[in-house]
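# Overview (structure and organization)
For reference, the chains in residue letters:
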Amino acid sequence: MADLTQFREQTRTWLQQNCPPEMREPVRSEDDIYWGGRDARFASEAQRVWFEACRDKGYTVPAWPKEYGGAGLSPPEAKVLREEMARIGARPPLSSFGIWMLGPALLHFGTEGQKQRFLREIARGEVRWCQGYSEPGSGSDLVSLQTSGEDRGDHWLVNGQKVWTSYADKCDWIFCLVRTDRENKYRGITFMLFDMTTPGVSTKPIKLISGSSPFCETFFDDVKVPKSYGEDIPAQVGEVNRGWDVAKYLLGHEREMISGADSSERTAGIGAAMKRVAEGGGGSLDPLLRAELAQFDVDALAYACMGEKFLDEVKVGKAHPAQPNMMKYAGTELNKRRHELMMAVGGSRALEWDSEETAGGKPARDWLRTKANSIEGGTSEIMLNVVAKRILDLPGG
Amino acid sequence: MPLYHTDDQQMLHDTVAPFMAEEGGIARQLRHWRDRDCPDGFGHALWRQFAEMGFTGILVAEEDGGLGMGHVEAGILLEEVGRNLTPSPFLATSVLVASALRHGSDDVRGRWLPGLLSGETVYSAAIDEGPKHRPERIACRAERSGNGFRLTGQKDFVLHGASADMIVVAARTSGEDGETDGITLFAVPRDANGMQHQPVRLVDSSVATHTRFDGVELDGDAVIGEVDGGRVVLDAMLRAGRVGAAAEGVGVARGAMDMTVGYLKQRKQFGRFIGEFQALQHRAAHLYAEVEIARAAVMKAAQLLDAGAEQADLMTSVAKAKVAKAARLAVQEGVQMHGGIGMTDEYDIGFYMKRDRALAEFLGDEHYHAGRVAALSGY
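Definitions and limits used
Residues numbered from 1 in each chain as written. Chains lettered and ligands numbered in written order. Predicted model: local features only at pLDDT ≥ 70, side-chain atom pairs only at ≥ 80, totals over all residues. Contact = placed C-beta atoms within 7 Å. Helix = DSSP H or I, 4+ residues; strand = E, 2+ residues; numbered from the N terminus. Nonpolar A, V, L, I, M, F, W, Y, C, P; charged D, E, K, R; others polar. Axes fitted to C-alpha atoms, helices over the stretch in contact; angles between N-to-C directions. Parallel < 35°, antiparallel > 145°, perpendicular 65-115°, else oblique. Left-handed = near helix turned anticlockwise from the far one by under 90°. Domains from an automatic or database assignment. Buried ≥ 20, exposed ≤ 12 C-beta atoms within 10 Å, placed from the backbone. Core = buried A, V, L, I, M, F, W, Y, C linked by C-beta atoms within 7 Å. pLDDT = per-residue confidence, 0-100. Expected span 1.5 Å × (residues − 1). Pairing = 2+ DSSP bridges.

### A look at the interface of chain B and chain A
Taken together, the 34 residues of chain B in the interface contact 35 residues of chain A. Mapped by element, the contributors of at least two residues to the side of chain B that touches chain A are α7 (231-264), α8 (278-307), α9 (312-338) and α11 (366-377) of chain B. Ranked by residues supplied to the side of chain B that touches chain A, first place goes to α8(B) with 15 residues. Among the residues making up the side of chain B that touches chain A, the classes are represented as 21 nonpolar, eight polar and five charged.

### Here we look at the packing of α9(B) against α11(B)
Residues and elements named next belong to chain B. For the pair α9 and α11, the least separation of the axes is 8 Å and the interaxial angle reads 150°. Comparing their axes, α11 and α9 come out roughly antiparallel. The interaxial crossing formed by α9 with α11 has left-handed handedness. Across the interface between the two elements, D313, L314, S317, V318, K320, A321, A324 and K325 from α9 touch E366, H369, A370, R372, V373 and L376 from α11. Split by residue class, the contact of α9 with α11 holds seven nonpolar, two polar and five charged.

### A word on the domain arrangement of chain A
Residues and elements named next belong to chain A. Considered domain by domain, chain A is made up of domain 1 (2-95), domain 2 (128-244) and domain 3 (259-391). Using only C-alpha atoms to locate each centre, domain 2 and domain 3 end up separated by 31 Å. Tallying the contact residues gives five residues for domain 2 and six residues for domain 3. For the side of domain 2 that touches domain 3, the residue count by class is two nonpolar, three polar and no charged.

### Observations concerning the environment of B:G229
Within the fold, B:G229 resides in the loop between β8 (223-224) and α7. The exposure class assigned to B:G229 is partly exposed, which follows from the 15 C-beta atoms found within 10 Å.

### Remarks on the nonpolar core
With 162 residues, the main nonpolar core has B:F186 and B:V298 as its most contacted residues. Sequence-distant contacts of B:F186, defined by excluding residues within four places in its chain, comprise B:A142, B:L151, B:V169, B:A171, B:L218, B:A222, B:V223 and B:I224.

### Things to note about the confidence of the model for chain B
For chain B, mean pLDDT is 97; residues scoring 70 or higher make up 100% of the total. Across the interfaces of the predicted complex, the ipTM metric reaches 0.95, alongside a pTM of 0.90.

### Quick word on helix α11 (residues 380-391) of chain A
Its twelve residues place the ends of α11(A) 15 Å apart at the C-alpha level, agreeing with the 16 Å of an ideal helix rising 1.5 Å per residue. For α11(A), the secondary structure elements touched by its buried residues are α9 (323-346) of chain A together with α8 of chain B. Once α11(A) ends, the next one or two residues include A:D393, with phi positive near 60°.

### Some points on the packing of helix α5 (residues 90-101) of chain B against helix α6 (residues 106-118) of chain B
Residues and elements named next belong to chain B. Here α5 crosses α6 at 165°, and the two axes come no closer than 11 Å. Between α5 and α6, the interaxial angle falls into the category roughly antiparallel. Note on packing geometry: the crossing formed by α5 with α6 is left-handed. On α6, the residues that touch T93, A98 and L101 of α5 are V108, R109, W112, L113 and L116. Tallied by class, residues from the contact of α5 with α6 come to six nonpolar, one polar and one charged.

### Details of unusual backbone geometry
Residue and element names in this part refer to chain B. The phi torsion at F157 lies on the positive side, around 55°, for a residue other than glycine. Along the chain, F157 falls in strand β3 (residues 148-159). A positive phi angle is found at F270, which is not glycine, with a value near 55°. Position of F270 relative to the elements: it lies in the loop between β9 (268-269) and β10 (272-273).

### Digging into the domain arrangement of chain B
Residues and elements named next belong to chain B. The domain architecture assigned to chain B consists of domain 1 (7-122), domain 2 (125-228) and domain 3 (232-377). Look at where the C-alpha atoms of domain 1 and domain 2 centre, and you get two points 23 Å apart. Listed as interface residues are 21 residues of domain 1 and, on the opposing side, 17 residues of domain 2. Mapped onto the side of domain 1 that touches domain 2, the elements with two or more residues apiece are α2 (30-35), α5 and α6. Of the residues contributing to the side of domain 1 that touches domain 2, the split by class is 13 nonpolar, five polar and three charged.

### Overview of the pairing of strand β7 (residues 207-218) of chain B
All names here are of chain B. Here β3 pairs with β7 via nine bridges, running antiparallel. The partner of G153 across the bridge, within β7, is F213. Here seven bridges tie strand β6 (residues 195-201) to β7, and the two strands are oriented antiparallel to one another. Paired with P199 across the strands is T209, a residue of β7. Count of turn residues in the β6/β7 antiparallel hairpin: five residues, of which S205 carries a positive phi of about 75°.

Take a look at the structure:
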């Protein structure tokens with residue numbers, strides 16, 4: 001404990017010295033998020049300073065081992081860092097699907113060669129990754145995916161289509177589920193890594209009800225994926241035809257991420273802020289709305305405790321392996337409720353679609369965007385199925 | 001501090017859970033005493049067993065002869081009390097009153113703690129005035145009289161008041177009804193002249209009293225804490241009691257949920273287990289989420305309380321409100337999913353519904369505590 005107290009003090013001092021004041025402001029737009037990658041540009045000098053300080057300290061991925069670009073922090077130390085960053089409202093220095101998704105898969109399933117190359121690139125923000133899972137015919141029933149990889153000796157010939165690929169048009173590489181054996185449903189999928197500039201890869205953005213989105217359709221037309229990127233760097237993670245194991249492992253991480261268990265913004269009460277909004281508009285909180293906000297805050301603050309408990313348990317392997325499904329269900333349903341209430345408090349002002357006062361319709365667009373929370377990464381209905389079967393052990397169906 | 005049980009706490013749980021399942025089970029305690037129309041509403045033998053294991057003094061400091069543990073540990077015990085619906089004076093005696101006695105002088109502690117530790121006595125607390133929990137307004141008055149006080153007024157929802165050897169009473173010694181200051185806490189012994197109990201059996205088979213104080217003469221040494229400064233003691237008592245009631249509520253919720261999920265795996269209709277129907281699976285899974293979240297909130301509130309943290313008060317209300325909602329869902333789904341037999345007295349699930357109702361009301365229901373969360377958050 002004494003060591004942790006010391007670590008907290010050191011962390012506090014380091015953050016004081018290295019996190020510019022601008023980087024302690026809440027994230028207001030997409031520009032405020034730094035994603036890294038080959039074509040990355042910093043939106044501000046402060047963003048660059050903050051990212052580089054963290055990169056050099058290993059704080060873009062604090063819990064990863066030092067040899068792969070992390071800081072090698074123990075779970076309690078990582079928690080201290082997270083708490084101290086939250087305390088001053090520090091923005092994440094680097095956001096990426098490489099950190100959240102591919103990294104954990106490589107740490108668990110990757111070869112040493114893959115870790116040395118890909119993890120370091122991710123930690124240093126050099127390569128931006130996207131995820132190729134869903135297909136037009138394979139949503140909730142993901143394992144039915146049809147994008148195919150034909151064995152052509154030294155390479156795979158990949159054909160097919162992915163959908164809901166976040167930022168596919170801005171990413172450098174993709175980790176992608178490809179069917180490499182048509183005879184075997186679960187053991188016929190390979191988890192492949194390839195460059196998005198490979199000939200035959202094309203993307204097309206998808207417009208959502210919220211007006212815009214990071215999502216794309218991604219097409220593969222005779223894409224030649226080399227089987228190896230060098231010594232001990234195969235193109236697939238895990239064994240050929242065993243990519244479903246990797247995918248399932250990662251779905252846990254994705255659900256954990258979408259659950260918002262780790263997000264201070266998503267686990268706080270909103271009542272006090274909503275009162276200010278109502279009074280700022282010259283009115284006051286309707287008593288019934290106040291009551292609903294209070295009930296919401298009870299649920300949100302209780303969920304924050306669950307998030308803390310869940311993350312603490314994950315670190316020491318105490319959490320039920322299907323618990324991320326419960327977290328994802330509860331967290332996303334809560335977030336939808338949060339935005340319904342924010343729209344109700346905002347009134348007609350919150351309906352504005354492109355006014356300057358609403359920063360281009362942010363309340364309405366954010367509200368609509370949350371409706372995808374309980375669909376993406378496994379629908380609420382699928383989450384409930386999994387909890388019923390794997391945690392409550394309910395029969396058949 | 002990580003938000004799960006330490007090894008020591010896990011060991012405590014591993015001792016308590018089988019003991020309570022064996023000794024505190026529904027047939028052996030709740031149904032037994034209910035069917036005999038027991039005037040106490042609980043069994044004294046089990047209370048003495050609690051004492052032998054040290055549980056009655058779980059929150060009492062070690063230098064006073066107790067276990068010197070915290071609210072997380074008390075919560076572990078209470079969760080099992082809840083799960084087994086065990087009628088017990090534990091919450092009132094060992095949580096509420098014990099928390100008040102921490103603020104008492106050496107004389108006060110010396111007088112009341114030995115009986116608590118040995119299991120010879122049970123205590124209660126008289127807080128509410130009227131059918132809803134409103135501790136902000138206390139009208140019961142204690143006027144100065146000689147070296148002591150004269151207590152006048154009425155209290156309601158005093159758990160097993162007529163069986164209690166001593167009742168901690170919150171009364172006004174100065175100021176007006178709604179004021180924060182001017183409250184004093186008194187330890188009123190069973191034989192005090194002018195104290196009258198009207199016992200009433202409640203829906204969950206427990207017994208509470210409406211208790212009248214008609215000029216009850218009290219010595220100065222009946223005071224717990226400071227005269228006119230009792231709000232501090234009352235607040236400490238309320239925080240402890242609320243977290244404790246919430247922990248017991250988690251046990252009620254989990255007991256009802258486990259019983260119901262078990263039933264879904266065993267009852268067949270249309271040639272299938274009813275647990276195969278997705279309509280029921282989704283409701284059961286939703287219930288699981290709510291109960292898990294409520295349990296995390298209670299554990300957090302207990303940890304904060306043990307750490308003396310500032311947010312403990314807010315989290316206590318969050319936990320009490322969240323448990324009330326989750327347990328309510330658990331017992332309602334429990335009865336509904338059991339179908340017809342869920343409505344019978346022969347089957348235990350109905351007991352969970354009754355216990356939840358009484359426990360949620362005790363020390364403030366979900367509406368009271370959601371309102372408190374709003375007020376403490378500044379809206």
